[in-house]
Amino acid sequence: MTDKSSIAAGTLGGASVRTQQSAARGLWSSRWVFFLAATGSAVGLGNIWKFPYITGENGGGAFVLVYLGCILLIGIPLLMAEVMIGRRGRQNPDGAVARLAREAGANTKWRVAGWLGGLTGFLILSFYLVVAGWALSYIPTTLSGTFSGVGGDASGELFNGLLASPMRLIVCGTLVLAATMLIVGFGVRGGLERSLRFLMPGLFVLLLGLVGYAAVTGEFLQALAFLFVPDFSALTATSVLIALGHAFFTLSLGAGAMMVYGSYLPEGTSIAKTSVLVALADTVVALLAGMAIFPLVFGNGLEPGAGPGLIFVTLPIAFGQMPLGQVVGGLFFVMLVIAALTSAISLSEPSIAWMTERFGLSRLKAVLVSGGLLWVLSLGSVFSFNLWADYQLFGKTFFDSLDYLTTNWLMPLGGLMTVLFTGWVMKEQTVRDAIGIRHGGLFRAWWLLLRFGTPLAIVLVFLNLSGLI
Ligand code: PHE
């Protein structure tokens, strides 16, 4: 191996020249590492921060049921398609779709399905890193014992104090951004592999512990009923759309992330099996987060629909009361930051791989350019909570608008184009070879779902969002 290619292999996708052979882009060292990376991408703030608060806002059980249905019927088939496109295309999402379009003799304009994903991921990252910054700032706050003995009101005030300070938000967001860019710039694979090996089991054990604590001290049964007994009268049409959007968000779909990770996947790995396992791990973490948080919400007389601050207000109350709470809480927020980082990395990789492969930028330059742009864009989200809180677009702050636009429109739109491309543009035989599902019936089921069920469901979302149905 030449120096250049060994660096490339070490940094994943570090090939700086467009013409370099795909082998030099580097591959995951094993199927297990791909599984870790994809799970690391999927599991993040979406599971622990977003899932509980949108479940709370949308009335609980019925929303959870719809969300689970979306994961099963739309999320998993699309996840498989994205990974397949990445692996067969062996490029950044834009290049991969273009290559497969050419292979199918179709118009390369389909590449929009790829670059739109990269753009969406980029936009998401700009607000994602701000929320990850909240978690980061909670590490010292928790460790120093600030939360000891606080109740709901005091905890809420501490959180509002954080949001009111642009300086603290900028510093924390910048640190998260810098860490993400450092890892992406100097070795996605090594960094990911190391952090994920400990993170995933660690996060899981800690969450289980928190569920146990919440079960003993909080209103566990009320929480279980809230999460798992569907009350369909609480379900609005909008809730259904939010559940679908969140299925995209939590599985990292429609954002280029799974495509680009698929592009580093060695041949011979079962895409179907891995996708199911990733979705399963992701769902379990989200449900555990819900089971840890809602007993505390009800036990402390808080509102389930309190909004984005939900976990930052409720969990500290528990950390302030339990034995060794400072340490447990500190550890929890450390893990949350790492979980967010492993997602942030996958949000930034598509656009960085795109800049290096399409425009021949060095990886360092690509990291600096996207880091700079992201930093500026993130200020909009930071100021949404303080200086610009009163400037609203359609009744939403900049932060909320960006979240709404990306999660409810851009991700499903990218997903729709991806399923249409896979199901109707690519040749069935090519897809059959590329996906590698050996069981005929299973392939058929996936293929039918992908061609009809998934696009139809997404179109319904759009019609509903635009008020047409
Ligand atoms: N799935 C991540 C989470 O749940 C967020 C994400 C979205 C990551 C899109 C990559 C792409 O936190």
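Residues numbered from 1 in each chain as written. Predicted model: local features only at pLDDT ≥ 70, side-chain atom pairs only at ≥ 80, totals over all residues. Heavy atoms only, no water.

Asks: Would you explain the site of the ligand in this entry?
Replies: Contacts to the ligand come from 16 residues, most closely from A42, G46, Y128, F249 and S252. L45 has a polar backbone atom sitting 3.1 Å from an oxygen atom of the ligand. Interatomic distance of 3.1 Å between a backbone N/O atom of T250 and a nitrogen atom of the ligand. Within the complex, the protein chains bury 100% of what would otherwise be the 320 Å² of accessible surface of the ligand. Secondary structure elements with two or more residues in the shell around the ligand: α2 (31-42), α3 (45-57), α11 (237-250) and α15 (325-359). When its residues are assigned to classes, the shell around the ligand shows eight nonpolar, eight polar and no charged. (Near = heavy atom within 4 Å. Polar contact = N/O pair within 3.5 Å; in protein donor to acceptor, adjacent residues only side chain to side chain. Areas by Shrake-Rupley, 256 points an atom, 1.4 Å probe, with all protein chains shown as cover. Helix = DSSP H or I, 4+ residues; strand = E, 2+ residues; numbered from the N terminus. Nonpolar A, V, L, I, M, F, W, Y, C, P; charged D, E, K, R; others polar.)

Asks: So what exactly am I meant to see when it comes to helix α4 (residues 61-89) here?
Replies: An α-helical segment advances 3.6 residues per turn. Residues three or four places apart therefore align on the same side. With 29 residues, α4 extends 40 Å from end C-alpha to end C-alpha; this agrees with the ideal 42 Å at 1.5 Å per step. By the largest-angle criterion, G75 marks the main kink of α4, which is about 40 degrees, and a proline, P77, follows within four residues. In terms of residue burial, α4 counts as a mostly covered element, since 23 of its 29 residues are buried. Taken from the residues just after α4, R90 is the one with a positive phi, measuring 50 degrees. (Expected span 1.5 Å × (residues − 1). Bend = angle between axes of the 7 residues up to and from the residue. Buried < 20%, exposed > 50% of the residue type's maximum accessible area, 1.4 Å probe, protein only.)

Asks: Is there a simple way to explain the pattern of salt bridges in this structure?
Replies: Close approach of charged atoms allows side chains with opposite charge to pair. Under the criterion given, the structure shown has eight salt bridges. A salt bridge links E428 to R432; the nearest nitrogen and oxygen atoms lie 3.4 Å apart. Here the residue E428 and the residue R432 both occupy positions in helix α18 (residues 428-435), the gap between them amounting to four residues, near one helical turn. Measuring nitrogen to oxygen at the nearest pair gives 3.1 Å for the salt bridge that ties R444 to E428. With R444 in helix α19 (residues 440-465) and E428 in helix α18, this pair connects stretches of sequence that are 16 residues apart. (Salt bridge = Lys/Arg side-chain N within 4 Å of Asp/Glu carboxyl O.)

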